[in-house]
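Fold and geometry: a report
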4 protein chains.
Amino acid sequence: MNGKENGGGSSRMTEDARITIAEFERIVEESLPLAAAWKIETRALHHGRATLRLGFDAGFLRPGGTISGPIQMGLADVAIFAALLGAIGPVPGAVTSNLSINFLRRPKPSPLIAEARMLKVGRKLAVGEVELYSEGDPEMLAHVVATYAIPAA
Amino acid sequence: MNGKENGGGSSRMTEDARITIAEFERIVEESLPLAAAWKIETRALHHGRATLRLGFDAGFLRPGGTISGPIQMGLADVAIFAALLGAIGPVPGAVTSNLSINFLRRPKPSPLIAEARMLKVGRKLAVGEVELYSEGDPEMLAHVVATYAIPAA
Amino acid sequence: MNGKENGGGSSRMTEDARITIAEFERIVEESLPLAAAWKIETRALHHGRATLRLGFDAGFLRPGGTISGPIQMGLADVAIFAALLGAIGPVPGAVTSNLSINFLRRPKPSPLIAEARMLKVGRKLAVGEVELYSEGDPEMLAHVVATYAIPAA
Amino acid sequence: MNGKENGGGSSRMTEDARITIAEFERIVEESLPLAAAWKIETRALHHGRATLRLGFDAGFLRPGGTISGPIQMGLADVAIFAALLGAIGPVPGAVTSNLSINFLRRPKPSPLIAEARMLKVGRKLAVGEVELYSEGDPEMLAHVVATYAIPAA
């Protein structure tokens with residue numbers, strides 16, 4: 001899925017991040033209290049890419065031991081936000097305009113890993129995708145595509 | 001949008017609900033602890049339609065006084081689940097396979113109303129849509145379409 | 001699904017159309033040759049609402065007598081474009097940024113009716129939904145939500 | 001986006017295709033006449049992965065020289081169908097139940113390449129994603145996620 005026939009991804013995606021993990025985590029604490037309360041951890045942050053981890057918490061469970069949908073959606077949303085700010089820096093006011101999630105497998109009661117990358121970062125709109133995994137398990141749990149509206153500079 | 005030219009909605013949608021509000025709320029308590037913790041209230045429950053209300057809680061807020069995305073997605077998901085069980089009864093094991101949300105306006109710090117209706121209830125798949133409002137305000141906040149996979153009987 | 005508890009839809013949606021059917025059909029002919037080739041007919045055009053009809057053509061068929069997906073997607077896209085221009089007038093350069101379709105039932109080999117309405121018309125983004133029917137049949141065939149990016153004035 | 005932290009993609013995806021390109025192209029000719037008319041070419045077909053090419057045709061153009069949305073959606077749909085049949089063989093009756101496309105950049109007037117991979121192939125539902133490119137250009141034009149309903153064996 002990396003467009004090898006076309007010579008690989010955009011060169012933009014290999015540039016350095018425009019925000020540090022510490023700066024991003026401060027923004028989450030200030031502007032996304034729900035995500036901060038879940039103790040989402042930013043593992044890696046690049047220009048248009050990010051890896052986040054959500055530690056396991058029994059309160060996230062659905063019966064049967066699976067992690068509830070809104071938790072997965074919330075994690076994915078923050079992961080794309082991280083990848084976006086990695087690309088544009090700490091621009092205030094970017095908001096999710098659309099999020100579409102496909103639930104593929106039931107998560108186990110273990111930490112979640114979110115791998116996000118931006119597909120496009122335009123002046124007004126940015127689109128990113130996220131893959132969710134149970135930590136240490138190669139089977140994708142959920143796939144998310146989301147659009148962010150970027151306020152005029 | 002109600003297909004007037006085509007003679008109105010499906011007659012199936014005017015039948016009685018196959019589950020009572022009390023039965024539905026018991027299922028939510030047992031199987032969706034997150035939704036139960038949020039104290040989502042089922043206001044109306046018909047065959048393929050439901051109205052739910054989420055009381056305002058300061059913990060749901062994002063800075064700027066708006067209600068966070070995962071809360072809106074979670075409420076919408078439960079509302080479609082209600083409309084679905086209204087159509088098929090207390091069938092165990094139905095799970096969301098896809099959810100797509102468009103955030104249209106920032107919610108005010110007030111209770112949310114979710115109006116759900118099923119677009120199709122098949123043997124294996126059901127599709128529903130939800131409109132979210134701030135209570136007492138006619139402007140739609142968010143629009144959700146979700147698909148549920150129904151286990152084989 | 002019309003938010004009765006909340007007092008009905010936005011008042012904006014009851015205003016007159018900002019474009020005539022003739023003007024809209026001229027724009028389609030100039031800018032959407034595929035849609036023009038299919039002979040899509042605009043039946044009604046209001047501020048943020050539109051009804052379009054696609055006459056039956058054997059070339060649209062899939063085996064089994066059903067109408068192929070891209071035809072349904074194309075019709076829905078044009079219907080939202082009509083509803084949008086009904087709301088904002090003949091603004092050049094609006095383009096679809098996202099389109100999500102749920103196929104609910106197999107269309108019969110008969111004309112299709114698309115009923116579109118805008119859910120939001122903002123300065124930069126507009127979101128609309130479309131219901132597709134076989135002419136004269138109340139069962140919804142497909143449901144579409146699409147986002148249009150509106151160029152800066 | 002390849003889940004490196006989780007040890008790579010599913011091993012299932014590296015198995016051989018359960019259908020040949022010739023068999024797949026025969027199915028397209030018989031069951032998707034629109035796609036056959038467009039002369040879509042299957043370049044590669046593996047278990048859960050496929051690469052398709054759509055030659056440039058002036059009839060696909062929108063003014064401004066860009067390729068119209070329904071053409072892109074149709075190509076993506078066929079590409080996921082190819083990747084799915086690569087995984088399950090020539091199972092009759094699989095149909096698209098949901099397709100969501102994000103248009104990222106305007107295509108140039110040149111051939112299109114679609115790179116599809118399945119994210120999940122279950123007994124009843126399969127989910128795949130597609131990336132669209134202009135041939136020879138690494139910038140993604142559009143990203144599609146689609147769900148197929150698989151008939152009971």
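Residues numbered from 1 in each chain as written. Chains lettered and ligands numbered in written order. Predicted model: local features only at pLDDT ≥ 70, side-chain atom pairs only at ≥ 80, totals over all residues. Heavy atoms only, no water.

1. Some points on the overall build of chain A
Tallying secondary structure elements over chain A gives 3 helices and 8 strands in all. Each helix and strand of chain A, ordered N terminal to C terminal, gives the series α-α-β-β-β-β-α-β-β-β-β. The contacts in chain A between residues at least 6 apart in sequence include a share of 65% that link residues at least 24 apart. On chain A, roughly 5800 Å² of surface is accessible, and the fraction owed to carbon and sulfur atoms is 53%. (Helix = DSSP H or I, 4+ residues; strand = E, 2+ residues; numbered from the N terminus. Contact = heavy atoms within 4.5 Å. Areas by Shrake-Rupley, 256 points an atom, 1.4 Å probe, with all protein chains shown as cover.)

2. A few points about the relation of the copies chain D and chain C
After a rotation of 180° and a shift along the axis of 0.0 Å, chain D superposes on chain C with an RMSD of 0.0 Å. In short, the pair behaves as if placed about a two-fold rotation axis. Considering only C-alpha atoms, the part of chain D nearest the rotation axis is Ser100 of chain D, at 2.0 Å. Comparing interface residues between copies, 100% of those in chain D also sit at the interface in chain C, which points to an isologous, same-surface contact. (Least-squares fit on C-alpha atoms with pLDDT ≥ 70 in both.)

3. Remarks on unusual backbone geometry
Residue and element names in this part refer to chain B. The phi torsion at Lys39 lies on the positive side, around 60°, for a residue other than glycine. With respect to the helices and strands, Lys39 occurs in the loop between α2 (33–37) and β1 (40–46). Overall, the relative accessible area of 66% leaves Lys39 in the exposed class. (Buried < 20%, exposed > 50% of the residue type's maximum accessible area, 1.4 Å probe, protein only.)

4. Quick notes on the packing of helix α1 (residues 21–31) of chain B against helix α3 (residues 69–88) of chain B
Residues and elements named next belong to chain B. Across the interface, α1 lies against α3 with an axial gap of 11 Å and an inter-helix angle of 135°. With respect to α3, the axis of α1 lies oblique. Note that α1 runs across α3; the crossing there is right-handed. Each of Phe24, Ile27 and Val28 in α1 lies in contact with α3, whose residues at this interface are Val78, Phe81, Ala82 and Leu85. Of the residues in the contact of α1 with α3, the class split is 7 nonpolar, no polar and no charged. (Axes fitted to C-alpha atoms, helices over the stretch in contact; angles between N-to-C directions. Parallel < 35°, antiparallel > 145°, perpendicular 65-115°, else oblique. Left-handed = near helix turned anticlockwise from the far one by under 90°. Nonpolar A, V, L, I, M, F, W, Y, C, P; charged D, E, K, R; others polar.)

5. Some words on the pairing of strand β2 (residues 49–54) of chain C
Residues and elements named next belong to chain C. The element β2 is extensively covered by neighbouring structure, given that 5 of its 6 residues are classed as buried. In the sheet, strand β1 (residues 40–46) pairs with β2 via 6 bridges, with the strands oriented antiparallel. Within the sheet, the bridge partner assigned to Leu45 lies in β2 and is Ala50. In this structure, β2 lies alongside strand β6 (residues 112–121), joined through 6 bridges in antiparallel fashion. For Arg53, the partnering residue across the bridge sits in β6 and is Ile113. (Pairing = 2+ DSSP bridges.)

6. Describing the sheet that holds strand β1 (residues 40–46) of chain A
In space, the 12 strands of this open sheet follow the order β1(A)-β2(A)-β6(A)-β7(A)-β8(A)-β5(A)-β5(B)-β8(B)-β7(B)-β6(B)-β2(B)-β1(B), with antiparallel pairing throughout. Of all strands in the sheet, those with a lone pairing partner are β1 of chain A together with β1 of chain B, marking the two edges. Averaged over all pairs of adjacent strands, the angle between their axes in this sheet comes to 20°, without regard to strand direction. Helix α3 (residues 69–88) of chain A rests against β1, β2 (49–54), β5 (95–103), β6 (112–121), β7 (125–134) and β8 (140–149) of chain A together with β5 (95–103) of chain B of the sheet, and its axis sits at about 45° to β6 of chain A.

7. Quick look at the pattern of salt bridges
This structure, assessed with the given rule, holds 30 salt bridges over all chains. For the salt bridge of Glu41 of chain B with Arg53 of chain B, the shortest nitrogen-to-oxygen distance reads 3.6 Å. Of this pair, Glu41 of chain B sits in strand β1 while Arg53 of chain B is found in strand β2 (residues 49–54), placing the two residues 12 residues apart along the sequence. Residue class for Arg53 of chain B comes out buried when judged on its relative accessible area of 17%. Through salt bridges with shared partners, a single network forms among Glu41, Arg43, Arg53 and Glu135 of chain A. (Salt bridge = Lys/Arg side-chain N within 4 Å of Asp/Glu carboxyl O.)

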